[in-house]
Amino acid sequence: MSSDLRPLSLPPFITERLPLGYRRIFVNDDILDDEATQRLTLEQSKYRHVSTYVRRPLKPISKVEL
Amino acid sequence: MELEKVLADSLGKHVLLFTDCVPVEGHTASAIYDLTRGRISTFPSEYFPLFKLFRTHRLGELLDTFSEDDRANLHEFLGFLVSNEYVAFVDELAPFPEIPSAWDAPCSIENAIIDVNTQRHDYQKIVSELDALGCMHLQVRSYSPVFTLSDLVDLARLCRGTSIQTLQAVISHDPTNSDDDYVSVVTSNRILVGLVVHSASQDRRIRVDYGARRTSAKLVAMEIEMTTKKLESALDCGSITQKQLLRPSTPTFNELHHFNGCLNRKISIDETGQVRNCPAMGRSFGHHQSVTLSDIVAGPSFQSAWRVRKDEIKVCQDCQFRYACTDCRAFLEDPDSEDSKPLKCGYDPYTDSWADWRERPGAAATWETYRKRRHLLPILKG
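Residues numbered from 1 in each chain as written. Chains lettered and ligands numbered in written order. Predicted model: local features only at pLDDT ≥ 70, side-chain atom pairs only at ≥ 80, totals over all residues.

### A short note on the overall build of chain A
Keep this limit in mind: The secondary structure listing takes helices from DSSP runs of H or I that are at least 4 residues long and strands from runs of E that are at least 2 residues long, numbered from the N terminus. Counting other C-beta atoms within 10 Å of each residue's C-beta, where C-beta atoms are placed from the backbone, gives the exposure class: buried for 20 or more, exposed for 12 or fewer, partly exposed between.
The secondary structure content of chain A amounts to three helices and two strands. Its helices and strands taken in sequence order, chain A reads β-α-β-α-α from the N to the C terminus. For chain A, the residues scored as buried account for 8% of the 66 residues in total.

In structure tokens form, the structure reads like this:
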């Protein structure tokens, strides 16, 4: 673990009644950039599985003699 | 535990054939389809009536009614069933109902074929209309260098963001393409799940691992198949061999009970652009540029081919592999009979033997008829 990282402060989590497992997250200001602090909207295709999961046909589409 | 002891302890119990292990009766040999493990075991059909007795008699009752010889046979058959984990011994059968045999798919068209030879098609229109039908799998088969690797990339791009989840291609080898070109196209188009290159200079396979290493590479890798054989036309389709039999699963097993394994929810564009159930079948439903695929699919005459079940086809209805075989309605052993078995099937269920279909009496003459009358036979009358 890098010494540059500092543990998150726990009191805000306790106040918000969030699980303390979050304390395992460490932050470093240097690696926070605009992209990390903005809420992103991902452009997804109509069928998300096209880009995330490729299934196989259960049966051969044709039976060519090769 | 030894079989003897298992049987001795189970005399008061029923023999339960697990509900995902389904027996299929054939003329000479019958089969058990293990739908979960995806395997088929065959055994002599003389044993098949036992499955009915298992449902009505407990093991001890069965043994009591059998002669000494029959008991030995039953013992041997039970050994086969137990060692393959097809059966368990249970007090009651009622808690183990059969798996429902219903089948459906969340789409009007499940798979499609586009054949290409001397002319290109309007791929954008085809893919757009397949998307409207919810088509999940597309195969393009090219018989000449007209369809290039670049065309394949364009087609893969058209399929992105549509209902089409997988694209398979069988294309002609182009000597100007290197192995890296093929690998690059497959790697950058994840939708491409199969690529066969025919008319190549040598038979070999090119491994594509998408940059993955070790065990993960085994999971994601695919192989590009290069073959010296030449694919010339749709006449080169319809081959049914042991290799072509489906690995059984509940969805395919149920589908083949109710529908034709090849034609159900399929639409094809042949090499001249005509829309057909299968590129090799006689009936055309119009040129793809002048018709709408959804209009054709909605028509009862197009869907009639979907319902030609193996149970209604001569010879096939006596074959224990009928629910693992995707059939062929384009080339029939008797071209004048709609319920004839596929010409290119090499299995004989009456002798339980595989052979080259060309060696069957009359097969060569029938094949010559198909070669001459290509696309003229109304195989299925609408």
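And the narrative resumes.
### As for the overall build of chain B
Within chain B, the regular secondary structure consists of 12 helices and 15 strands. Dimensions along the principal axes, computed over C-alpha positions, put chain B at roughly 70 × 55 × 40 Å. Going through the 382 residues of chain B one by one, you find that 37% of them count as buried.

### A closer look at the nonpolar core
Residues and elements named next belong to chain B. Test applied: Defined on buried residues, the nonpolar core groups Ala, Val, Leu, Ile, Met, Phe, Trp, Tyr and Cys residues joined through C-beta atoms within 7 Å. Throughout, a pair of residues is in contact if the C-beta atoms placed from their backbones lie within 7 Å.
Residues Tyr33, Ala280 and Phe331 are the most contacted members of the largest nonpolar core, which totals 46 residues. Those elements that provide at least two residues to this core are β1 (14-17), β2 (21-24), β3 (29-34), α3 (59-65), α4 (68-83) and α9 (250-258). Top contributing element to this core by residue count: β3, with three residues. Setting aside its immediate chain neighbours within four residues, Tyr33 contacts Val22, Val24, Ile40, Pro248, Phe253, Tyr323 and Ala324.

### So, the interface of chain A and chain B
Note the following rule: Each residue is assigned to one of three groups, with Ala, Val, Leu, Ile, Met, Phe, Trp, Tyr, Cys and Pro labelled nonpolar, Asp, Glu, Lys and Arg labelled charged, and all others, Gly among them, labelled polar.
Across the boundary between the two partners, chain A contributes 18 residues, which contact 33 residues of chain B. Residue composition of the side of chain A that touches chain B, grouped by class: nine nonpolar, three polar and six charged.

### Section: the pairing of strand β4 (residues 39-44) of chain B
Residues and elements named next belong to chain B. In plain terms, the rule: We call two strands paired when DSSP finds no fewer than two bridges between them.
Examined bridge by bridge, β3 and β4 share six bridges and lie antiparallel to one another. When the sheet's bridge partners are listed, Tyr33 is paired in β4 with Ile40. The hairpin turn running from β3 into β4, its antiparallel successor, is four residues long, and Gly38 in that turn takes a positive phi close to 70°.

### Topic: the packing of helix α5 (residues 123-132) of chain B against helix α6 (residues 149-159) of chain B
Residues and elements named next belong to chain B. Rule in force here: Lines fitted to the C-alpha atoms define the axes, with helices restricted to the stretch that makes contact. Angles between their N-to-C directions range from 0 to 180 degrees. Whether a crossing is left-handed or right-handed is set by the direction in which the near helix is turned from the far one by less than a right angle, anticlockwise for left-handed and clockwise for right-handed.
Contact pair α5 / α6: the axes reach a minimum separation of 10 Å and the direction vectors enclose 30°. Our pair here, α5 against α6, has a crossing hand that is right-handed. Mapping the contact onto sequence places Tyr123, Gln124 and Val127 in α5 and Leu155, Leu158 and Cys159 in α6. Class assignment for the residues of the contact of α5 with α6 results in five nonpolar, one polar and no charged.

### Comments concerning the sheet that holds β2(B)
Residues and elements named next belong to chain B. Strand order across the open sheet formed by three strands is β2-β3-β4, with antiparallel pairing between neighbours. This sheet does not close on itself; its edge strands, each paired only once, are β2 and β4. Shown here is a sheet whose adjacent strand axes are inclined to one another by a mean of 25°, direction ignored. Where β2 lies against β3, four bridges are found, and the strand directions are antiparallel.

### Structural notes on the environment of Gln320(B)
Residue and element names in this part refer to chain B. Within the secondary structure layout, Gln320 lies in the loop between α11 (300-303) and β14 (347-348). Note on Gln320: 26 C-beta atoms within 10 Å, which makes it buried. It is 42 Å that separates the C-alpha atoms of Gln320 and Asp179, two residues lying 141 residues apart in sequence. Setting aside residues up to four positions removed in sequence, Gln320 forms contacts with Val24, Glu25, Gly26, Ala29, Ser30, Ala31, Thr42 and Pro349.

### Examining α6(B)
Residue and element names in this part refer to chain B. Definition in use: This arc is taken over the directions from the axis of the helix to the C-beta atoms.
Taken together, the buried positions of α6 are Leu152, Leu155, Ala156 and Cys159. Down the axis of α6, the buried set is contained in an arc of 100°. They therefore lie on one face. Looking at the buried side of α6, the elements it contacts are α5, β7 (137-142), β8 (166-172), α7 (179-188) and β9 (192-198). Phi turns positive, to about 75°, at Gly161, one or two residues after α6.

### Structural notes on the environment of Arg307(B)
With respect to the helices, strands and loops of the structure, Arg307(B) is situated in the loop between α11 and β14. Residues contacting Arg307(B), with those up to four places away along its chain left out, are Phe259(B) and Asn260(B).

### Quick notes on the confidence of the model for chain A
Residue and element names in this part refer to chain A. Stated precisely, the cut-off is as follows: By definition, pLDDT measures how confident the predictor is in each residue, and it falls between 0 and 100.
The share of residues in chain A with pLDDT of 70 or more is 32%, and the mean pLDDT across the chain is 64. Mean pLDDT across the secondary structure elements of chain A bottoms out at helix α3 (residues 49-52), with 42, and peaks at helix α1 (residues 11-15), with 78. This model gives residues 48-54 a pLDDT under 50, and the stretch forms 12 contacts once residues within four places in sequence are excluded.

### Things to note about the sheet that holds strand β12 (residues 266-269) of chain B
Residues and elements named next belong to chain B. The strand order across the open sheet formed by eight strands is β10-β11-β9-β8-β7-β6-β12-β13, and the pairing between neighbours is mixed. Of all strands in the sheet, those bounded by a partner on one side alone are β10 (204-208) and β13 (275-276). Bridge analysis of β10 against strand β11 (residues 222-226) gives five bridges, and the strand direction is antiparallel. When the bridges of β11 are listed, Arg204 appears paired with Met226. Of the strands in this sheet, β9, β10 and β11 touch α7, which is tilted by about 45° from β10.

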